[in-house]
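# Structural description and commentary
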Amino acid sequence: QVQLVESGGGLVPPGGSLRLSCEASGIIFSIYAMGWYRQAPGNQRELVAAFTDIGSTNYADSVKGRFTISRDNAKNTVYLQMDSLKPEDTAVYYCNARHVPLSPIWGQGTQVTVSS
């Protein structure tokens, strides 16, 4: 069964840190370009950070210098280290697995709330 399971979300004060994890099963993880997206209430889902097909990384301008995406192929897991969190980072964060021409795979999402 193909599945992406996110974890690590929660409530954190402004300036705090969180690390999200996404464990994949049912896929050959190493061939997939993995990424993180987020969706705040009333907004469209947007890219946060992702690996490209050649292994480089892309970040949304709003998170550059604060967030870091990484992966451990031996653990079938992709991570998102989030530092210096801001209230505007509050959203549901989704893990994504992409390998053209297959359909993208999405996780169920994990809530991140940045508030004092």
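Let me sum up the structure you'll find in this document. (Residues numbered from 1 in each chain as written. Predicted model: local features only at pLDDT ≥ 70, side-chain atom pairs only at ≥ 80, totals over all residues. Heavy atoms only, no water.)

### What to know about the overall build of the protein chain
From N to C terminus, the protein chain includes 0 helices and 11 strands. Taking 2.2 N^0.38 as the reference for a compact globule, 116 residues should give roughly 13 Å; the C-alpha atoms of the protein chain span a radius of gyration of 13 Å, in line with that estimate. Considered along the principal axes of its C-alpha atoms, the protein chain spans approximately 40 × 30 × 25 Å. Taken over 116 residues, the protein chain has a buried fraction of 41%. Relative to all contacts within the protein chain whose residues are 6 or more apart in sequence, the contacts with residues 24 or more apart total 56%. Total accessible area on the protein chain is roughly 6100 Å²; 49% of this is exposed by carbon and sulfur atoms. Of the side chains in the protein chain, 9 bear a positive and 9 a negative charge, and the two mean positions are spaced by 1 Å. (Helix = DSSP H or I, 4+ residues; strand = E, 2+ residues; numbered from the N terminus. Rg over C-alpha atoms; globule rule 2.2 N^0.38 Å. Buried < 20%, exposed > 50% of the residue type's maximum accessible area, 1.4 Å probe, protein only. Contact = heavy atoms within 4.5 Å. Areas by Shrake-Rupley, 256 points an atom, 1.4 Å probe, with all protein chains shown as cover. Lys, Arg positive; Asp, Glu negative; His and termini not counted. Charge placed at Lys NZ, Arg CZ, Asp CG, Glu CD.)

### Re the side chain of Glu6
Relative to the helices and strands, Glu6 resides in strand 1 (residues 3-7). One buried charge, Glu6, has no salt-bridge partner; the nearest side chain with opposite charge is Arg45, at 7.5 Å. Among the polar contacts made by the side chain of Glu6, one reaches the main-chain amide nitrogen of Cys95 at a distance of 2.7 Å. There is a polar contact of 3.0 Å between the side chain of Glu6 and the backbone nitrogen of Gln108. Ignoring any residue separated from it by four or fewer positions in sequence, one finds Glu6 in contact with Ser21, Cys22, Trp36, Tyr93, Tyr94, Cys95, Gly107, Gln108, Gly109 and Thr110. (Salt bridge = Lys/Arg side-chain N within 4 Å of Asp/Glu carboxyl O. Polar contact = N/O pair within 3.5 Å; in protein donor to acceptor, adjacent residues only side chain to side chain.)

### What to know about the pairing of strand 5 (residues 46-51)
Looking at chain direction, strand 4 (residues 33-39) and strand 5 are connected through 4 bridges and run antiparallel. Paired with Trp36 across the bridge in strand 5 is Ala49. Where strand 4 folds back onto strand 5 in an antiparallel hairpin, the turn is made up of 6 residues, including Gly42, whose phi is positive at roughly 80°. Strand direction decides the pairing type here: strand 5 and strand 6 (residues 57-59), joined by 3 bridges, are antiparallel. (Pairing = 2+ DSSP bridges.)

### Looking at the environment of Pro13
Along the polypeptide, Pro13 turns up in the loop between strand 2 (10-12) and strand 3 (18-25). Classification of Pro13 as partly exposed rests on a relative accessible area of 47%. Expressed as a C-alpha distance, the spacing of Pro13 and Arg38, which sit 25 residues apart in the sequence, is 18 Å. Here Pro13 is in contact with Val114 and Ser115, once residues within four sequence places are set aside.

### Some words on the sheet that holds strand 3
Hydrogen bonding along the main chain pairs the strands of a sheet, whether they run parallel or antiparallel. Spatial ordering of the open sheet is given by 1-3-8-7, a layout of 4 strands whose pairing is antiparallel. This sheet does not close on itself; its edge strands, each paired only once, are strand 1 and strand 7 (67-72). Across the sheet, the mean angle separating the axes of adjacent strands is 15° when strand polarity is ignored. Both strand 1 and strand 3 contribute to a ladder of 5 bridges, which runs antiparallel. Looking across to strand 3, one finds that Glu6 is bridged to Cys22. (Axes fitted to C-alpha atoms, helices over the stretch in contact; angles between N-to-C directions.)

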